Amino acid sequence: AQSVTQPDIHITVSEGASLELRCNYSYGATPYLFWYVQSPGQGLQLLLKYFSGDTLVQGIKGFEAEFKRSQSSFNLRKPSVHWSDAAEYFCAVGGGAAGNKLTFGGGTRVLVKP
Amino acid sequence: GAVVSQHPSWVICKSGTSVKIECRSLDFQATTMFWYRQFPKQSLMLMATSNEGSKATYEQGVEKDKFLINHASLTLSTLTVTSAHPEDSSFYICSAQGVGNEQFFGPGTRLTVL
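In short, a report on the structure.

Rules and cut-offs
- Residues numbered from 1 in each chain as written.
- Chains lettered and ligands numbered in written order.
- Predicted model: local features only at pLDDT ≥ 70, side-chain atom pairs only at ≥ 80, totals over all residues.
- Heavy atoms only, no water.
- Helix = DSSP H or I, 4+ residues; strand = E, 2+ residues; numbered from the N terminus.
- Rg over C-alpha atoms; globule rule 2.2 N^0.38 Å.
- Buried < 20%, exposed > 50% of the residue type's maximum accessible area, 1.4 Å probe, protein only.
- Contact = heavy atoms within 4.5 Å.
- Areas by Shrake-Rupley, 256 points an atom, 1.4 Å probe, with all protein chains shown as cover.
- Lys, Arg positive; Asp, Glu negative; His and termini not counted.
- Charge placed at Lys NZ, Arg CZ, Asp CG, Glu CD.
- Polar contact = N/O pair within 3.5 Å; in protein donor to acceptor, adjacent residues only side chain to side chain.
- Disulfide = S-S within 2.5 Å.
- Pairing = 2+ DSSP bridges.
- Axes fitted to C-alpha atoms, helices over the stretch in contact; angles between N-to-C directions.

Okay, the overall build of chain B next. In terms of regular secondary structure, chain B is built from 0 helices and 11 strands. Against the 2.2 N^0.38 benchmark of 13 Å for 114 residues, chain B shows a C-alpha radius of gyration of 13 Å, consistent with a compact globule. The dimensions of chain B, computed from C-alpha atoms along their principal axes, are 40 × 25 × 20 Å. Going through the 114 residues of chain B one by one, you find that 50% of them count as buried. Sequence separation of 24 or more characterises 54% of the internal contacts of chain B that already satisfy a separation of 6 or more. Taken as a whole, chain B presents about 5600 Å² of accessible surface, with 54% of it coming from carbon and sulfur. Side-chain charges of chain B comprise 9 positive and 9 negative groups, with the mean position of each set lying 7 Å from the other.

Following this line, the structure appears as structure tokens:
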């Protein structure tokens, strides 16, 4: 069975500082990995995705993520956080055709201090 | 492109009544749509996979007679919560699978059962 773990429930970061959100997955084959962001009361917006190829993936809003097969990780990073980045972030894994039956991690809530 | 809408965005109903939530892909056709449930401050849990023209596939533990799913066209799937009770209060999010099998998420529907 596939599973996703996001070890950090909350992260507080100062505006302008760097941000890294951790994601570990368990999947029996080559995973399709995703990061989504959710603002309060809103649906999910895709930040980036990894299917194959270059293990460093660039996404929207200045985010990037690195796939490390040896560590079963897909951590999300941003060099300089803006106040608008305060939100809930979800890592997800899917199998088979890209995006089928996504399994989500528990989420990490990011708070940005001025 | 790839916009998914949900209606209503929020609904309050009395215990014992039924509520229908619509999920529409506005600018693409989706043979597969997914329904998720999200409790406050928790992650998304897949409830069922909806395929156009066939019966939905429910995840383990989801009552198919309580959560009726109809996917009558390539752009519309509906979720009906029958005989709703306060414990059904949640945030319901749908996604539609587009080209390349990527999932596009709707903005969600907040259901409150009194």
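By the secondary structure assignment, Gln38 of chain A is in strand β5 (residues 32-38). On the basis of relative accessible area, Gln38 of chain A is assigned to the buried category, the value being 7%. Engagement of the side chain of Gln38 of chain A in a polar contact is seen with the side chain of Gln38 of chain B, the distance being 3.0 Å. With residues up to four places along the chain from it excluded, the contact list for Gln38 of chain A reads Gly43, Leu44, Ala87, Glu88 and Phe90 of chain A together with Gln38, Phe91 and Ile93 of chain B.

What follows is about the state of the cysteines. Counting across every chain of the model gives 2 disulfides over all chains. Put simply, Cys23 of chain A and Cys91 of chain A are joined by a disulfide, and their sulfur atoms are 2.0 Å apart. Linking Cys23 of chain A and Cys91 of chain A, the disulfide has an S-S dihedral of approximately -65° and is accordingly described as left-handed. Highlighted residues: Cys23 of chain A in the loop between β3 (19-21) and β4 (24-26) and Cys91 of chain A in strand β10 (residues 87-95), separated in sequence by 68 residues. As far as burial versus exposure is concerned, Cys23 of chain A and Cys91 of chain A are alike and both buried. With its sulfur 2.0 Å from that of its partner, Cys23 of chain B forms a disulfide with Cys94 of chain B.

We now examine the sheet that holds strand β3 (residues 19-25) of chain B. Residue and element names in this part refer to chain B. Read from one edge to the other, the open sheet built from 4 strands follows the order β1-β3-β8-β7, with strand pairing classed as antiparallel. Looking at the sheet topology across the chains shown, the edges are occupied by β1 (4-7) and β7 (67-73). If you compare each strand with its neighbour and ignore which way they point, the axes differ by 15° on average. Where β3 lies against strand β8 (residues 76-81), 6 bridges are found, and the strand directions are antiparallel. Across the sheet, Val19 pairs through a bridge with Val81, a residue of β8.

In short, geometric facts, not functional conclusions.
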